[in-house]
Amino acid sequence: MTYQRFDVAATFGVQARAGLEVVGFADETHPHIPVRKPYVFRNEVLRDVLAFLRDPSGDGLFLTGPTGSGKTSLVTQVASRIFWPVQSVTCHGRMELNSLVGQFVLVQGETKFIYGPLAVAARDGHLLILNESDLMDPSELAGLNDIIEGQPLVIAENGGEVIRPHPKFRVFATGNSVGAGDGSGLYQGVLRQNLAFMDRFRVVQVGYPEPAIEKEIIKAQVPKLPDLIAEKMITVAGEIRRLFVGAKEGGAELTVTMSTRTLVRWAGLSLTFKGAPKVFEYALSQALTARAEPEQQEAIHRIAADVFGDYWDGSQP
C-alpha cells in the first residue's frame, strides 16, 4: 500500500501555513473511497479531524452536534480528497457486534464467512464511521473497546482468526448526544452509552456553519441561485434553528429544524420549480415543512414570509 502527502491548503481550500501536509493514499481508484462532492471546510473542525488522522494515540473520534450539521460528510469529504477508503455503517437499536465483525452466510449453496465493515477496516487500514452510534445498544458497542485502543480483533466465529489493526485504521462515531442520552425528547431512540466506550473517544462539537460558510455551500451546489435569495434563506434557517434549540432548553417551539442539507434542498427545489406560483413556499414545503405539525408548518412559513417580504409570493428565484 502506497501513501502520499497532500498540501492542506490546496487540498481542502482553506488557509493553512505553507508546507502543512497530511498523509493519505496514492491509489485513487479504490472502490471504498467516498465520492468527492462540492464541500466548504471549516478550519476548526478540519484541524481536529486531520490531527486525529495523523495520530489517534489509541483514541476514536466522536463527532457530536445537531441533525444535519455535517458530521458524517465532514469525514467522508476529507477522505475523498486524500483517497482514504471508508467503511460506513448507520447504527440502530437492533444492530449486533457480529454485524460489524462478520458472520457466516450461505453463498451459492456454501456457508462462507463474510467479513463485516469493522474487520475490513481494521485489516486494510480504512476509516470506520459509526453513524448515529448513540442509537446502538451500549453492550454491543462495548465490544469495540479493545480494538479502538489498538488491540487485535479476535473473530471466534471464524476459528479464532486474529486481525491486528492496520496502522492506518481509524474509528469515527457520530451522534446527536455525547453518550449521555437525549434529555430533550427530540431524538427518538438515543441511548445512554457505556462510560468505558465513550472514554475511548476524543469529542468534537460540529455545529451548523456560519452564514458566510453556508452561503459558500449554496453557491457551490446551487450556483444559479441569486445571492440575495440565498441570504434570505440562510436567515430563515437561522431563525428556525434558534427556535429548535430553544425547544431543547425547555421552551418547546419547534420540533423540526433546517439542516444545511435541507437548506441546500430548499435552494435547489426553488430553481427546479422556477415559474410556479409561490415558488419559495412550495419548495420549502417539499424540503422541510410537509413533515412538520400543521401549526409548526404555519409558523415556519410565517417566518419565511416575513424575511422574504415581497419576494415570498413571487415565482422567480
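Here goes a summary of the coordinates provided. (Residues numbered from 1 in each chain as written. Predicted model: local features only at pLDDT ≥ 70, side-chain atom pairs only at ≥ 80, totals over all residues. Heavy atoms only, no water.)

1. Notes on the nonpolar core
Counting 34 residues, the largest nonpolar core has Ile218, Met233 and Trp266 as the members making the most contacts within it. At the level of secondary structure, the elements contributing two or more residues to this core comprise helix 9 (211–221), helix 10 (227–248), helix 11 (260–272), helix 12 (279–287) and helix 13 (294–308). Here this core gets eight residues from one element, more than from any other, and that element is helix 10. (Core = buried A, V, L, I, M, F, W, Y, C linked by side-chain atoms within 4.5 Å. Buried < 20%, exposed > 50% of the residue type's maximum accessible area, 1.4 Å probe, protein only. Helix = DSSP H or I, 4+ residues; strand = E, 2+ residues; numbered from the N terminus.)

2. A look at the environment of Phe113
Tracing the backbone shows Phe113 in strand 6 (residues 110–115). The exposure class assigned to Phe113 is buried, which follows from its relative accessible area of 9%. For the pair Phe113 and Gln296, spaced 183 residues apart in sequence, the C-alpha to C-alpha distance is 50 Å. The residues contacting Phe113, other than those within four sequence positions of it, are Val101, Gly102, Gln103, Phe104, Ile155, Glu157 and Asn158. (Contact = heavy atoms within 4.5 Å.)

3. Let's talk about the layout of surface pockets
Roughly 620 Å³ of volume is contained in the largest pocket. Lining the largest pocket are 25 residues, and of these Tyr39, Gly68, Gly70, Ser73 and Arg261 lie nearest its centre. Looking at the lining of the largest pocket, the elements that each hand over two or more residues are helix 3 (71–81), helix 9 and helix 11. In terms of residue count, helix 3 provides more of the lining of the largest pocket than any other element does, five residues in total. A breakdown of the residues in the lining of the largest pocket according to their chemical character gives eight nonpolar, 12 polar and five charged. Put simply, the second largest pocket is a space of about 360 Å³. (1 Å grid on protein atoms, 1.4 Å probe; cavity = no way out; pocket = protein on both sides within 12 Å on 5 of 7 lines; lining within 4 Å. Points joined across faces, edges and corners; volume = space filled by probe spheres on them. Nonpolar A, V, L, I, M, F, W, Y, C, P; charged D, E, K, R; others polar.)

4. Topic: the packing of helix 9 against helix 11
Packed helices, taken two at a time, are described by their axes: the angle between them and the distance between them. The N-to-C vectors of helix 9 and helix 11 enclose an angle of 45°; their axes lie 10 Å apart at closest approach. One way to sum up the angle between helix 9 and helix 11 is to call them oblique. Here helix 9 runs over helix 11; the crossing is right-handed. In contact with Glu214, Ile217, Ile218 and Gln221 of helix 9, helix 11 contributes Thr260, Leu263, Val264 and Ala267. In the contact of helix 9 with helix 11, the residues fall into five nonpolar, two polar and one charged. (Axes fitted to C-alpha atoms, helices over the stretch in contact; angles between N-to-C directions. Parallel < 35°, antiparallel > 145°, perpendicular 65-115°, else oblique. Left-handed = near helix turned anticlockwise from the far one by under 90°.)

5. What about empty space enclosed by the protein?
Evaluation of the coordinates by the stated rule reveals one cavity of 30 Å³ or more. Lys215, Ile218, Lys219, Val222, Pro223, Leu225, Asp227 and Ala230 together form the lining of the largest cavity. Across the lining of the largest cavity, the residue classes break down as five nonpolar, no polar and three charged.

6. A short note on the pattern of salt bridges
Here the structure, examined in full by the defined rule, presents nine salt bridges. Its salt-bridge partner being Asp59, residue Arg202 comes within 3.1 Å of it at the nearest N-O pair. A residue pair is termed long-range when its members are at least 10 positions apart, and Arg202 in strand 11 (residues 201–205) and Asp59 in the loop between helix 2 (43–54) and strand 3 (60–64) qualify at 143 residues. A salt bridge links Glu231 to Lys215, with the nearest nitrogen and oxygen atoms 2.5 Å apart. A residue pair is termed long-range when its members are at least 10 positions apart, and Glu231 in helix 10 and Lys215 in helix 9 qualify at 16 residues. (Salt bridge = Lys/Arg side-chain N within 4 Å of Asp/Glu carboxyl O.)

7. Overview of the packing of aromatic side chains
A complete count under the given rule lists 13 aromatic pairs for this structure. Between Tyr3 and Phe25 the ring centres are 5.3 Å apart and the planes differ by 70°, which places this aromatic pair in the edge-to-face class. Here Tyr3 is found in strand 1 (residues 3–7), whereas its partner Phe25 is found in strand 2 (residues 21–25), with 22 residues between them in sequence. On the basis of relative accessibility, which here comes to 5%, the residue Phe25 falls in the buried class. Residues Phe12 and Phe41 carry aromatic rings whose centres are separated by 5.2 Å and whose planes lie at 80° to one another, so their mutual orientation is edge-to-face. You can see Phe12 sitting in helix 1 (residues 8–12) and its partner Phe41 sitting in the loop between strand 2 and helix 2, a full 29 residues away along the chain. For the pair formed by Phe12 and Phe41, the shared burial category is buried. (Phe/Tyr/Trp six-rings, centres within 6.5 Å; stacked < 30°, edge-to-face > 60°.)

8. Notes on the sheet that holds strand 4 (residues 86–90)
Read from one edge to the other, the open sheet built from five strands follows the order 4-7-10-3-11, with strand pairing classed as parallel. In this open sheet, the two edge strands, each paired with only one partner strand, are strand 4 and strand 11. Mean inter-strand twist for the sheet, computed between neighbouring axes without regard to direction, equals 20°. Examined bridge by bridge, strand 3 and strand 10 (residues 170–175) share four bridges and lie parallel to one another. In the sheet register, Leu63 faces strand 10, and the bridge partner there is Thr174. Sheet strands touched by helix 2: strand 3, strand 7 (127–131), strand 10 and strand 11. Its angle to strand 10, the strand with the most contacts, is close to 145°. (Pairing = 2+ DSSP bridges.)

9. Some remarks on helix 11
Under the 1.5 Å per step criterion, the end-to-end length of helix 11 is 18 Å for 13 residues, consistent within 8% with the ideal 18 Å. Within helix 11, burial applies to Thr260, Thr262, Leu263, Val264, Trp266, Ala267, Leu269 and Ser270. (Expected span 1.5 Å × (residues − 1).)

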